[in-house]
Amino acid sequence: MAAAPQAKADTAMQVGALRLPEGGAWITAAREEALARLRATGLPQRRDEYWKFTRPDSLTLAEAPRAALFEDADEPEMFGDMDRLRLVFVDGVFDPEASDPPEMAGVRIERLADVAGQDLHWARDLYGTLEARGQTPVPRPLAALNTALADDGVLIHVTGKASKPINLIYHHRSETSDAILHHLIKLDPGAELTVLENGPAAARFNKVIEVDVADEARFHHVRVQGRDHERRAATHVFARLGRESAFKSFTMTANGVMTRNECVVELTGDDASAHVAGAAMGDGDFHQDDTVFITHDAERCESRQVFKKVLRNGATGVFQGKILVKPGAQKTDGYQISQALLLDDDSQFLAKPELEIYADDVACSHGSTSGAIDEDALYYLRSRGIPRPIATDLLVLSFLAEAVEEIAEESLRDEITARFSGWLERRRG
Amino acid sequence: MLEIKNLHVDLEEEDKTILKGVDLTVEAGSVHAIMGPNGSGKSTLSYVLSGRDGYTVTEGSATLDGQDLLDMETEERAAAGLFLAFQYPVEIPGVGNMTFLRTAVNAQRKARGQDEISAADFLKLVRERAKALEIDADMLKRPVNVGFSGGEKKRNEILQMAVLEPKMCILDETDSGLDVDAMKLVANGVNSLRDAGRGFLVITHYQRLLDHIVPDVVHIMSEGRIIKSGGPELALEVEKNGYADLKAEVA
């Protein structure tokens, strides 16, 4: 307890020393409000309940810990077979030369750095808004920090059905880069967009995406966090869903000493659906945390959380998932499952599944398990001549399949499965 | 082909002796059946031969074409030509039946120093073998045994056998849970694989499977030993009089 006042003082010093980026009137106001939110909560501390399983230290240090560069040149380009619009960032800075022209029918794409001084109404109304809503009931200081400090990112306004996915590609080229990106995505009623993300981004990466999904709009998100092991990441997705809209997000994490992915979804219109899934594979000093908070605030909405982690050689996986059903959110259908496959006794899975329900006509279920490889299944595969290491890998893929199957499109599912297979094969040697 | 001599086996978990000196030789080209009451050790014999964990061989030997089976890993036994059709095939979600089969075929070929089978040849082989067992494209695409009926699971076992082409096939209560039509399909699948170079050991509780897969030799197992061997007529005798009479007779 004696350390607490000192820690608080450090936070005050760090936050006090922050300088906001240059910008126009609206963004400066939004940044100042975010900074005020951050000052009110302070940076996350080890003793915070919400950070019980994940040490925030390396995410809040004034300087990003060094991270050796890593090129995954032994694999084909991620999403390389897909027709997609690429937007490339290098250590957190948009690279127009490496990107495709940001033009597509039904979609308007702008760069945060370019429009911060302009009066772009929808961006002004959205920037920091969903993040601020997501600060209660649990504070998310790293997201407020992001809103205050981000000076790059993309603003995507979708007015129709996008003809192809937008692929945000994040390269890591400097061992000490400390990147902050803030993306805004607004889908008008009935609009559709798929966003693909891949790459390690930086030595340390703080990213926020705010997604406003209007009535009957559909948003799909598939993210692959790079094999770059030493990079650190704290990411937030904040989504607000209108009537009969759909939100689907899948994240693959393989490697990474520190990854905290928060996903905060508010179902505000009736008959909306939100699916959040993740599959993670980690080895050694891998630490990966999925923190999900889904709020049902309308009738007949459906939400699903499906998270699977495969851990070996002392790797750590964390899942904190909550379904909050507000008064009046009748006929809510909420489902949550988190499972870990522990390939040895040194690895650990820490899970905190939560339901909080204030409506009386709902169906919510949750489950969390951790276990070892199924010996009967292993024997069955081996009895067909499949050597133990290959049989084990097949069972690992089998375990992850339920999460991977949450991805709607088959070609994307196959690509993710192939990446996991590759990861397993490389470890087999 | 398969030669078992004085095999004694303990179940590790319960510190209990299950097999108390089994002697059995299955020649290439022949079909042997083992019948016996529950708990006589029939399934244990199949598990020990295929290398399942949890059993300790305390005495005796088992060889396949002179190779010491008991000294090999489960997957090495398979590559050497041993196949066990499971009484309870295991469900493996997320792994397609075709992927599973191709992985198994190629792993065995690799272990024997052969090249991998081409995708086209593999597809042709599986389609041809699947057709005879009335296994459709959908079943081949689905995850291994997931959502399969009892009969579909057993047919899938025989399909694996037909594709892997083992030398020595052990069928552990393959008839359990099958209706008459499914049993005929399975039996036809087995019969089509009978040839001079292949041996079969059919473990069953009831005689009815042996109407369809006619054995050359029938063995009766009781309390961890083979207590009587004879021709197909021995199975009929069991069906008529039960095991109790036989046990009394031998005692």
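Everything that follows concerns the structure shown earlier in this document.
Counting restarts for each chain: residues are numbered from 1 in the order of the written sequence. The lettering of chains begins at A and the numbering of ligands begins at 1, in the order of writing. Local features in this predicted model are restricted to residues whose pLDDT is 70 or higher, and side-chain atom pairs enter the listing and the counts only when it is 80 or higher, whereas totals over whole chains, interfaces and linings include all residues.

Once that is clear, we can look at the overall build of chain A. To qualify as a helix, a DSSP run of H or I must reach at least 4 residues; to qualify as a strand, a run of E must reach at least 2; elements of each kind are numbered from the N terminus. A tally of regular secondary structure across chain A gives 10 helices and 20 strands. For 429 residues, the compact-globule formula gives about 22 Å, and the C-alpha radius of gyration of chain A, at 21 Å, lands near that figure. In terms of overall dimensions, chain A has a C-alpha envelope of 70 × 50 × 45 Å along the principal axes. Relative to all contacts within chain A whose residues are 6 or more apart in sequence, the contacts with residues 24 or more apart total 84%. Just to be clear, the radius of gyration here is over C-alpha atoms, and the globule rule we use is 2.2 Å times residues to the power 0.38. Residues are defined as contacting one another if the C-beta atoms placed from their backbone atoms lie within 7 Å.

Another aspect to go through is the nonpolar core. Put simply, a nonpolar core is a cluster of buried Ala, Val, Leu, Ile, Met, Phe, Trp, Tyr and Cys residues tied together by C-beta atoms within 7 Å. Buried means a residue has 20 or more other C-beta atoms within 10 Å of its own C-beta, exposed means 12 or fewer, and partly exposed covers the counts in between; C-beta atoms are placed from the backbone. Counting 189 residues, the largest nonpolar core has A:Val265, A:Leu400, B:Ala85, B:Ile170 and B:Val202 as its most contacted members. If you tally residues by element for this core, the top one is helix H9 (residues 388-404) of chain A, at 10 residues. Excluding residues within four positions of it along the chain, A:Val265 makes contact with A:Ala239, A:Leu241, A:Phe247, A:Ala274, A:Val276 and A:Ile294.

Attention shifts here to helix H4 (residues 119-132) of chain B. Residues and elements named next belong to chain B. An expected span of 1.5 Å times one less than the residue number is assigned to each helix. The terminal C-alpha atoms of H4 lie 21 Å apart, and with 14 residues this matches the ideal 20 Å at 1.5 Å per residue to within 8%. Here H4 has its buried residues at Val126, Arg129 and Ala130. Viewed end-on, H4 has its buried residues packed into an arc of 100 degrees, placing them on one side of the element. Residues of H4 that are exposed and point over 90 degrees away from its buried face: Ala120, Asp121, Lys124, Arg127, Glu128 and Lys131. Summarising the contacts, the buried residues of H4 are in contact with helix H3 (97-111), helix H5 (137-141) and helix H6 (150-164). The directions considered for the arc run from the helix axis to the C-beta atoms.

Looking now at the sheet that holds strand E2 (residues 16-26) of chain B. All names here are of chain B. The antiparallel open sheet is built from 4 strands, whose spatial order is E2-E1-E4-E5. With one partner strand each, in any of the chains shown, E2 and strand E5 (67-68) form the two edges of the open sheet. Of the pairings in the sheet, the one linking strand E1 (residues 2-11) to strand E4 (residues 55-64) comprises 8 bridges and is antiparallel in character. Within E4, the position partnered with valine 9 by the bridge is valine 57. In this analysis, axes come from line fits to C-alpha atoms, helices being fitted only over the stretch in contact, and the angle between any two N-to-C directions falls in the range 0 to 180 degrees. On top of the sheet, helix H1 (residues 42-50) reaches E1, E2 and E4; it is set at about 70 degrees to E4, its chief contact. Strands are treated as partners if at least two bridges between them are detected by DSSP.

A few words now on the sheet that holds strand E12 (residues 225-230) of chain B. Residues and elements named next belong to chain B. Pairing is mixed across the open sheet formed by 6 strands, whose spatial order is E6-E9-E10-E3-E11-E12. Strands with a single pairing partner mark the edges of an open sheet, and in this sheet they are strand E6 (82-85) and E12. On average, each strand axis in the sheet is inclined to that of its neighbour by 20 degrees, with strand direction left out of account.

Right, let's get into the interface of chain A and chain B. The parts lose accessible area when they come together, and the size of an interface is often stated as this lost area. Contact residues are listed per partner, giving 17 residues for chain A and 21 residues for chain B. Among the secondary structure elements, those contributing two or more residues to the side of chain A that touches chain B are helix H8 (375-382) and H9 of chain A.

All we've got here are geometric facts, nothing functional implied.
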